[in-house]
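Below, each chain spelled out in residue letters.
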Amino acid sequence: MKKILITGGAGFIGSNLTKKLLDEGSFVICLDNLYTGSMANIEPFMADNNFEFVRADVVEPYYFEVDEIYNLACPASPPHYQKDPVFTFKTSVFGILNALELAKKTGAVLLQASTSEVYGDAKEYPQRESYFGNVNPNGTRACYDEGKRAAETLICDYIRKYGVKAKIARIFNTYGPNMDKNDGRVVSNFIVQALSGDDITIYGDGRQTRSFCYVEDLIEGLILLMKSDFSGPFNLGNPEEFTICEFADYVLELTGSKSKKVFMPLPDDDPVRRKPDISYASLKLGYAPKVCVRDGLIKTVEYFKKELLG
């Protein structure tokens, strides 16, 4: 039986990945400090003999005898990662250092959940892995953007210097069940506002674009990368692109909401266009998102209906 550590395993992506790996017959250790993760996300697994929950912080060293490590631990939405920017940066840098040291000691394969934010407010469109990005190192988003960029640097140096087996996945906007209703990102904000009858808050003029990937498709990409012989980095996401206004209209249609759209000032360094070029992942990993945004949103709306009623 494969033994797998997931840091940040009680979070949105981590809990979905946990379910998939348990279903495949692996033993899963979830390490989480519950800063943004939730016990509710992992409650279904607590009675499973192949699941273990460890409450701990990745900024402190840890040790487990494992075959694979998925390093997902880090606040990922602007309201959460800007709440304590120093903690966010430490989580990215110290967190990956501790994960790399564990991989070095045990021979485990490490997969890092990096982010499309490494491209910043990109001047290249769509974004390819070869693009170095356009990031403001002094801005309010830098704690996350630069923290993830620094983590990628450390991974590549550990590969070159120590021969550690490590991989980098650059994750684009992902949505689906187990998202926190107070997450603060576009999908959760719009759906919760629409279902609650509140105004839909759009920052800027709404013409900036995003691409949205259903969580099942992302999980498939992470597992494909972990099983491959490649290190990456690889873009993982769905290239289907929407303006923020178009996406708001889509959510209003699917929820049947009468909420109105209201416009607020655009936050600093907010990317204008965000669309992944996934041709490299398609070629090397056979990665191909299968869930269209409409189908994924229908499932996500149903999840949030239950959450709000609960």
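A brief structural summary.

So, how was this worked out
- Residues numbered from 1 in each chain as written.
- Predicted model: local features only at pLDDT ≥ 70, side-chain atom pairs only at ≥ 80, totals over all residues.
- Heavy atoms only, no water.
- 1 Å grid on protein atoms, 1.4 Å probe; cavity = no way out; pocket = protein on both sides within 12 Å on 5 of 7 lines; lining within 4 Å.
- Points joined across faces, edges and corners; volume = space filled by probe spheres on them.
- Helix = DSSP H or I, 4+ residues; strand = E, 2+ residues; numbered from the N terminus.
- Nonpolar A, V, L, I, M, F, W, Y, C, P; charged D, E, K, R; others polar.
- Phe/Tyr/Trp six-rings, centres within 6.5 Å; stacked < 30°, edge-to-face > 60°.
- Buried < 20%, exposed > 50% of the residue type's maximum accessible area, 1.4 Å probe, protein only.
- Lys NZ or Arg CZ within 6 Å of the ring centre and 35° of its normal.
- Salt bridge = Lys/Arg side-chain N within 4 Å of Asp/Glu carboxyl O.
- Pairing = 2+ DSSP bridges.
- Axes fitted to C-alpha atoms, helices over the stretch in contact; angles between N-to-C directions.
- Expected span 1.5 Å × (residues − 1).
- Contact = heavy atoms within 4.5 Å.

## What to know about the layout of surface pockets
- Each pocket or cavity is described by its volume, and for the second largest pocket that value is around 370 Å³.
- Taken together, 15 residues make up the lining of the second largest pocket; nearest its centre are Asn 16, Lys 19, Lys 20, Val 215 and Glu 216.
- Sorting the residues of the lining of the second largest pocket by element identifies helix 1 (12–23) and helix 7 (215–227) as the ones contributing at least two each.
- Looking at the lining of the second largest pocket element by element, the count peaks at five residues for helix 1.
- In the lining of the second largest pocket, the residues fall into six nonpolar, four polar and five charged.

## Quick word on unusual backbone geometry
- The omega angle of the peptide bond from Tyr 125 to Pro 126 is -15°, so this bond is cis rather than trans.
- Among the secondary structure elements, Pro 126 is positioned in the loop between strand 5 (109–115) and helix 5 (142–162).
- Note that the residue after Gly 232, namely Pro 233, is joined by a cis bond; omega there is 10°.
- Residue position: Pro 233 is located in the loop between helix 7 and strand 11 (234–236).
- At Leu 34, a position not held by glycine, the phi torsion is positive, near 65°.
- Along the chain, Leu 34 falls in the loop between strand 2 (27–32) and helix 2 (39–42).
- A positive phi is found at Asn 178, a non-glycine position, where the angle reads about 80°.
- Positionally, Asn 178 belongs in the loop between strand 7 (174–175) and helix 6 (186–196).

## Structural notes on the packing of aromatic side chains
- The tally for this structure, following the rule as stated, stands at 16 aromatic pairs.
- Between the aromatic rings of Phe 234 and Tyr 280, the centroid separation amounts to 4.5 Å while the plane-to-plane angle is 15°, which identifies the pairing as stacked. Placement of Phe 234 in strand 11 and of Tyr 280 in helix 9 (residues 279–285) is noted, with a sequence separation of 46 residues between them.
- Assessed through its relative accessible area of 0%, Phe 234 is described here as buried.
- Tyr 280 gets classed as partly exposed once you look at its relative accessible area, which sits at 32%.
- For the ring pair Phe 242 and Tyr 250, a centre distance of 5.7 Å and an interplane angle of 35° mean the geometry is tilted.
- For Phe 242, a relative accessible area of 12% gives the class buried.
- The buried category is assigned to Tyr 250, whose relative accessible area is 18%.
- One Lys or Arg, Lys 3, reaches over the ring of Phe 27 and ends 5.5 Å from the middle of that ring.

## Some remarks on the pattern of salt bridges
- Within the structure shown, the criterion is met by 16 salt bridges.
- We note a salt bridge from Asp 157 to Arg 160, for which the minimum N-O separation is 2.8 Å. You can see Asp 157 and its partner Arg 160 sitting in helix 5, three residues apart, about one turn around the helix.
- Overall, the relative accessible area of 36% leaves Asp 157 in the partly exposed class.
- For Arg 160, a relative accessible area of 63% gives the class exposed.
- The shortest N-O distance in the salt bridge between Asp 270 and Arg 210 comes to 3.2 Å. Highlighted residues: Asp 270 in the loop between strand 13 (261–264) and helix 9 and Arg 210 in strand 9 (residues 209–211), separated in sequence by 60 residues.
- Among the charged side chains, a network of salt bridges with common partners joins Glu 117, Arg 141, Arg 210, Asp 270 and Arg 274.

## Points about the sheet that holds strand 2
- The parallel open sheet is built from seven strands, whose spatial order is 3-2-1-4-5-6-11. Both outer strands of the open sheet, strand 3 (51–55) and strand 11, are each paired with one neighbouring strand and no more. Pairwise comparison of adjacent strand axes, ignoring direction, gives a mean angle of 20° for this sheet.
- When strand 2 meets strand 3, the two strands line up parallel, connected through five bridges. Pairing of Val 28 across the sheet is with Phe 51, part of strand 3.

## Concerning helix 4 (residues 85–106)
- For helix 4, built from 22 residues, the straight-helix expectation of 32 Å at 1.5 Å per residue is met to within 8% by its first-to-last C-alpha distance of 31 Å.
- Those residues of helix 4 that sit buried are Phe 87, Thr 88, Thr 91, Ser 92, Val 93, Gly 95, Ile 96, Asn 98, Ala 99, Leu 100, Leu 102 and Ala 103.
- On its buried face, helix 4 is in contact with strand 1 (3–7), strand 4 (68–71), helix 3 (78–81), strand 5 and helix 5.
- At the C-terminal side of helix 4, Gly 107 shows a positive phi close to 80°.

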